[in-house]
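Breakdown of the fold
The residues making up each chain are set out below.
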Amino acid sequence: MTTNATENRYTGLINNYISRMPIDPNGRIISLGEGNTPLIECHNIELLKKHDVRLLLKYEGLNPTGSFKDRGMTMAVTKAVQDGSRAIICASTGNTSASAAAYASRAGIAAFVLIPEGKIAMGKLAQAMIQGAVVIQVKGNFDDGMRLVKEVATEAPVDIVNSINPYRLQGQKTAAFEIVDELGEAPDFHCLPVGNAGNITAHWIGYSEYANECTQSCSLCSGNCQFLQGVKSAKRPKMIGYQAAGSAPFMRGDMVDAPETIATAIRIGHPQSWDNAWKVNKESGGWFDECSDDEILAAQRLLAGSEGVFCEPASATSVAGALRDIESGKIPAGSTVVCTLTGHGLKDPDTAIKQATSKLITIDAKLADVKDAILSNMG
Ligand code: F0G
């Protein structure tokens, strides 16, 4: 293969942050060009103007398989392949299975995915199936699948690519790097939807990595260093984790045995990163909170209808919670807030169509009818 010497293509987050990745840079890298997702500033939500808060959306739905999982999967699958693995396995509420299937396909290895029967969004199932994964439906929930994956991995030659695989978090920490690289410093608050709590942990690793470097290499400033080239922000955000009310073990302070929520991606009662998430909570000075399914869906509609950003229900949990905390003043005026939108809205078209308020108008194929439809709906 020849490449043009003047080529300057983005080739994924491992190459982009290679010096920060615990991976052999000379080995084979499995990438689909993940990362480098847009940070979209909200312009139209009235509440933000009223409370003088700047809200930015890290739109992770624009990763190759439509969720943040690709950041972790490029690392987990690259490591597995470099170690000679022939098969990966995961339990999933949908997005991890879609991502695992894609990266395994790219790598030419097998993927086995365990999903809760009847409880994953249609787009995610379609992805896992067409990308050639062996899809195993479990008559149980995600937590049952996770338990089985851990057990079977001790007996079969498969590498686990759930977020208990530390390489997953190393990939996902790059979202924090991108935010600091773009804003010039960390935001005041970073809000995420929480399921297993791998992603909130990974973001904290990323922010901390930049911040530690800064304090180590810079004695000139105590926070926002703009003097030395290559030195990043010493500031770290308060990390806020929002859960769906029916699946909120961090709010209950204990595991939840029968989690329920319309946001199926975070329908998890036994988080795998329990201790890490509490550490992040304590170190960052942030908090956990919960949102009802109605609040989650309202936030999904608000983002789609007033900012043109379509995310899946679980992702909207971060915005539902943030808006409530902005309104109450818990997130104070003058703050810069980043909300991670973890997955694309197209993952779950059924839930979107069921709650959409737009009219679906059917007409005869006549000019008069289309004109009438326009004029009677000008608003
Ligand atoms: N948002 C989406 C869209 C997700 O798919 C997930 C997790 C989360 C948030 C929560 O992230 O677990 O790191 O706290 N989905 C996993 C899966 C469980 O199987 O796709 P977390």
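In this report, we go over the structure that sits alongside the text.

Analysis parameters
Residues numbered from 1 in each chain as written. Predicted model: local features only at pLDDT ≥ 70, side-chain atom pairs only at ≥ 80, totals over all residues. Heavy atoms only, no water. Helix = DSSP H or I, 4+ residues; strand = E, 2+ residues; numbered from the N terminus. Expected span 1.5 Å × (residues − 1). Buried < 20%, exposed > 50% of the residue type's maximum accessible area, 1.4 Å probe, protein only. Pairing = 2+ DSSP bridges. Axes fitted to C-alpha atoms, helices over the stretch in contact; angles between N-to-C directions. Contact = heavy atoms within 4.5 Å. Phe/Tyr/Trp six-rings, centres within 6.5 Å; stacked < 30°, edge-to-face > 60°. Lys NZ or Arg CZ within 6 Å of the ring centre and 35° of its normal. Salt bridge = Lys/Arg side-chain N within 4 Å of Asp/Glu carboxyl O.

Thoughts on helix α13 (residues 313-328)
- Compared with an ideal rise of 1.5 Å per residue, which puts 16 residues at 22 Å, α13 spans 23 Å between its outermost C-alpha atoms and is within 8% of the ideal.
- Most of α13 is tucked away: 13 of the 16 residues are buried.
- The positive-phi residue at the C-terminal boundary of α13 is G329, with phi of around 90°.

Describing the sheet that holds strand β7 (residues 189-193)
- Across the sheet, six strands lie side by side as β1-β2-β10-β7-β8-β9; this open sheet has mixed pairing. Of all strands in the sheet, those with a lone pairing partner are β1 (39-41) and β9 (287-291), marking the two edges. Between one strand and the next, the sheet's axes are offset by a mean angle of 25°, whatever the strand orientation.
- In this sheet, strand β2 (residues 54-59) lies alongside β1 in antiparallel orientation, the contact comprising three bridges. Counted as the bridge partner of L39 is K58 from β2.
- Against the sheet, helix α11 (residues 274-284) makes contact with β8 (238-244) and β9, and its axis sits at roughly 115° relative to β9, the strand it touches most.

Looking at the packing of aromatic side chains
- Scanning all chains against the criterion turns up eight aromatic pairs.
- Geometrically, the ring pair formed by F250 and F288 is stacked, given 4.6 Å between the ring centres and 20° between the ring planes. Of this pair, F250 sits in helix α10 (residues 249-252) while F288 is found in strand β9, placing the two residues 38 residues apart along the sequence.
- Residue classification places F250 among the buried residues on the basis of a relative accessible area of 3%.
- A relative accessible area of 10% means that F288 is categorised as buried.
- An aromatic cluster is defined as three or more aromatic residues linked by ring pairs; in this entry it consists of F250, W274, W278 and F288.
- The ring of F177 has R20 sitting right over it, with the charged end atom 5.2 Å from the ring centre.

Thoughts on the pattern of salt bridges
- For the coordinates displayed, the defined rule picks out 18 salt bridges.
- Across the salt bridge formed by E46 and K49, the nearest N and O atoms sit 3.5 Å from each other. You can see E46 and its partner K49 sitting in helix α2 (residues 46-51), three residues apart, about one turn around the helix.
- Salt-bridge contacts for K235 lead to E185; the nearest nitrogen and oxygen are separated by 3.6 Å. Taken together, the residues K235 in the loop between α9 (198-217) and β8 and E185 in the loop between α8 (174-183) and β7 connect sequence positions 50 residues apart.
- By relative accessible area, E185 is classed as partly exposed at 24%.
- Taken together, the salt bridges that share partners define one network made up of K58, E60, R71 and E178.

Re the sheet that holds strand β6 (residues 159-160)
- If you walk across this open sheet you meet the four strands as β5-β4-β3-β6, and the pairing is parallel. If you trace the sheet from one side to the other, it starts and ends with β5 (134-138) and β6, each paired once.
- Direction of pairing for strand β4 (residues 110-116) relative to β5: parallel, over a ladder of five bridges. Each bridged residue has a counterpart across the sheet, and for F112 the counterpart in β5 is V134.
- Helix α6 (residues 142-152) rests against β3 (87-91), β4, β5 and β6 of the sheet, and its axis sits at about 150° to β3.

Describing the environment of I88
- Structurally, the position occupied by I88 is in strand β3.
- For I88, a relative accessible area of 1% puts it in the buried group.
- For I88 and A153, which are 65 residues apart along the polypeptide, the C-alpha to C-alpha distance reads 9.5 Å.
- Discounting chain neighbours no more than four positions away, the residues touching I88 are V77, A80, A100, A104, I109, A110, A111, F112, D159 and V161.

Coordinates in, geometry out; function isn't part of it.
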